[in-house]
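# Structural overview
So the chains spell out like this:
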Amino acid sequence: MLGRVSKVKNHPLLGIWEHVYSPTKWIISISNGKLMVDGVDTSNWEKYRISHVSWTNAAVTFRSHYLSTGRVVSNVYTALSKQKMKVLLSYEVTEIWTRSTPHAFSKTHPSTLDV
């Protein structure tokens, strides 16, 4: 455990991270010898719910849940330098669709299905 803790203290992703086109700020820190991730949307100050945090010498992986939208994202942050990181975001979208009735289709629209 001591080797792992000492590596965390020098992790290249420790700090506050932002992107020019996003209101979100990510904070990667150490608490009680463990690597922690916090996120906040600065447009409304909503905090992300963070889970499944893991790390390697150059990367941090975690899941973020934005409660107001319900979006759950898998995040992989990889250090490129002391000032830059590469971000890989993966998420699924769940939608509820309803069946259309034949009356809802236009007879002149080219995408009308033969129902």
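Described below are features of the structure shown in this document. (Residues numbered from 1 in each chain as written. Predicted model: local features only at pLDDT ≥ 70, side-chain atom pairs only at ≥ 80, totals over all residues. Heavy atoms only, no water.)

### Examining unusual backbone geometry
Even without being glycine, Asn32 reaches a positive phi, approximately 50 degrees. Among the secondary structure elements, Asn32 is positioned in the loop between strand 2 (24-31) and strand 3 (34-41). Positive phi outside glycine occurs at Trp45, with the angle close to 65 degrees. Tracing the sequence through the fold places Trp45 in the loop between strand 3 and strand 4 (46-47). The class of Trp45 is exposed, set by a relative accessible area of 59%. (Helix = DSSP H or I, 4+ residues; strand = E, 2+ residues; numbered from the N terminus. Buried < 20%, exposed > 50% of the residue type's maximum accessible area, 1.4 Å probe, protein only.)

### Description of the packing of aromatic side chains
Applying the stated criterion across every chain yields a total of 5 aromatic pairs. Between Trp26 and Tyr77, the aromatic rings sit 6.2 Å apart at their centres with planes inclined by 75 degrees, giving edge-to-face as the arrangement. Residue Trp26 is found in strand 2, and its partner Tyr77 is found in strand 7 (residues 71-79); the two are separated by 51 residues along the sequence. Summarising the burial analysis for this pair, Trp26 and Tyr77 share the class buried. Arranged with centres 4.9 Å apart and planes meeting at 40 degrees, the rings of Tyr48 and Tyr66 form a pair that is tilted. With Tyr48 in the loop between strand 4 and strand 5 (49-55) and Tyr66 in strand 6 (residues 59-66), the pair connects residues that are 18 residues apart, well separated along the chain. Judged by relative accessible area, which is 18%, Tyr48 ranks as buried. Following the ring pairs from residue to residue traces out a cluster consisting of Trp26, Tyr48, Phe62, Tyr66 and Tyr77. (Phe/Tyr/Trp six-rings, centres within 6.5 Å; stacked < 30°, edge-to-face > 60°.)

### Side note on the side chain of Thr24
Mapped onto the fold, Thr24 is located in strand 2. Only 2.8 Å separates the side chain of Thr24 from the side chain of Tyr48, close enough to count as a polar contact. With sequence-adjacent residues up to four places away left out, Thr24 is seen in contact with Trp17, Glu18, Val40, Asp41 and Tyr48. (Polar contact = N/O pair within 3.5 Å; in protein donor to acceptor, adjacent residues only side chain to side chain. Contact = heavy atoms within 4.5 Å.)

### Side note on the pattern of salt bridges
Inspection of the entire model under this criterion finds 1 salt bridge. Taking the shortest distance from any N to any O, the salt bridge between Lys25 and Glu18 comes out at 2.3 Å. (Salt bridge = Lys/Arg side-chain N within 4 Å of Asp/Glu carboxyl O.)

### So, the nonpolar core
Leu13, Trp26, Ile28, Val37, Val60 and Tyr77 are the most contacted members of the largest nonpolar core, which totals 14 residues. The set of elements that each furnish at least two residues to this core consists of strand 2, strand 3, strand 6 and strand 7. Broken down by element, this core gets its largest block of residues, 3 residues, from strand 6. Sequence-distant contacts of Tyr77, defined by excluding residues within four places in its chain, comprise Leu13, Trp26, Ile28, Ala58, Ala59, Val60, Phe62, Met85, Lys86, Val87 and Leu89. (Core = buried A, V, L, I, M, F, W, Y, C linked by side-chain atoms within 4.5 Å.)

### With respect to the sheet that holds strand 7
Spatial strand order, 5-6-7-8: 4 strands in an open sheet with antiparallel pairing. The outermost strands of the open sheet, each flanked by one partner alone, are strand 5 and strand 8 (85-91). In this sheet, adjacent strand axes meet at a mean angle of 20 degrees when their direction is disregarded. Judged from the 8 bridges that link them, strand 6 and strand 7 form a sheet pairing that is antiparallel. Residue Phe62 lies in a different strand from strand 7, and its bridge partner there is Asn75. (Pairing = 2+ DSSP bridges. Axes fitted to C-alpha atoms, helices over the stretch in contact; angles between N-to-C directions.)

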